[in-house]
Amino acid sequence: MPGLMLLDTPSLYFRAFYGIPESMTAPDGMPVNAVRGLIDMIGTLVRGHAPDELVACMDADWRPAFRVAAIPSYKAHRVAEGDQEQVPDTLVPQVPVIEAVLDAVGVARVGVPGYEADDVIGTCAARATGAVDIVTGDRDLFQLVDDARPCRVLYTVKGIRNLQTIDEAEVTAKYGIPGRAYADYATLRGDPSDGLPGVPGVGDKTAAALITRFGSLEAMLAALDEGVTDGFPAGSRTKIIKARDYLAVAPAVVRVAHDAPLPDLDMARPVKPRDPEALVALADRYDLDGPLNRLLATLAG
């Protein structure tokens, strides 16, 4: 399905880092496992899906202030010093190399101050005029699935060579909710990995039952305000009432932005390097000849 492919780049390079031994090093001994792994991932994705456009979406801000202001626990357990994210020491110096490689190859790379990669993906997807594939290991992005556009997620939970295609039917099959209702479901259930508490006492099954019954979080809260009692699983109505303050702010945290101020982008998939000299220098310094040659052959083909 040629169209626009959006890469959740941090998700992919973390997967590469943990999936490839750190014994993969540059001539000076610096680990380049994440760099090499990401390059090969992109080659595999292009070879398998042949997108017309390709964007590497980045975290310019991994913990945006607007989300922390709404829910202070948001990703708080992943803070190292100051407001820096806990990142393995041997991955930190690889990220600038990844950015330099993407730029030299000519893959559009974009991060927006004050926003996460998810928000860049959401905005690019909202602006797209054709089919969209989102490559990620993050379930949060299931909220963007939309069969009508179409927009789907290529989920990396089983590896880049065994991607799971997530469309509306798959969201329904996995969670028992309407295909476009993942954000509302996640708001109710919460997500410990992101420090989102959810509604105390409301787990997966109750959250799915509520969203299926009412169709959306907004409709459920409207029913609550109108005094409706039918459709609330046993005990859940009281729990929702007690969590109204949380539910007033949580949607803005859970839902990805669709209006991040993106710069002008040339999203066209490159067929030749943008900066051949810089690419040769990077290949020599970090011993990237093999993966870069494979990627360039794929892009040219």
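Because the structure is predicted, anything quoted here is derived from the model rather than measured.

## What to know about unusual backbone geometry
In this structure, the amide linkage connecting Arg 149 to the following residue, Pro 150, adopts the cis form with an omega of -5 degrees. In this structure, Pro 150 sits in the loop between strand 4 (132-136) and strand 5 (151-155). Residues other than glycine seldom take positive phi values, yet Ala 50 does so here, at roughly 45 degrees. Counting through the fold element by element, Ala 50 comes out in the loop between helix 2 (33-49) and strand 2 (53-57). Although it is not a glycine, Asp 287 sits at a positive phi angle of roughly 55 degrees. Here Asp 287 lies in the loop between helix 12 (276-286) and helix 13 (289-300).

## Things to note about helix 8 (residues 204-214)
Within helix 8, the full set of buried residues consists of Ala 207, Ala 208, Leu 210, Ile 211 and Phe 214. Mapping the buried residues of helix 8 onto a view down its axis gives an arc of 165 degrees, with all of them on the same face. Next to the buried residues of helix 8 lie helix 6 (168-175), helix 7 (182-189), helix 9 (217-225) and helix 10 (236-242). Of the residues one or two after helix 8, Gly 215 is the one with positive phi, at around 90 degrees.

Cut-off values and rules
- Residues numbered from 1 in each chain as written.
- Predicted model: local features only at pLDDT ≥ 70, side-chain atom pairs only at ≥ 80, totals over all residues.
- Heavy atoms only, no water.
- Helix = DSSP H or I, 4+ residues; strand = E, 2+ residues; numbered from the N terminus.
- Buried < 20%, exposed > 50% of the residue type's maximum accessible area, 1.4 Å probe, protein only.
- Arc of directions from axis to C-beta.
- Contact = heavy atoms within 4.5 Å.

Note that every value here comes from positions in space, so none of it alone points to a role or purpose.
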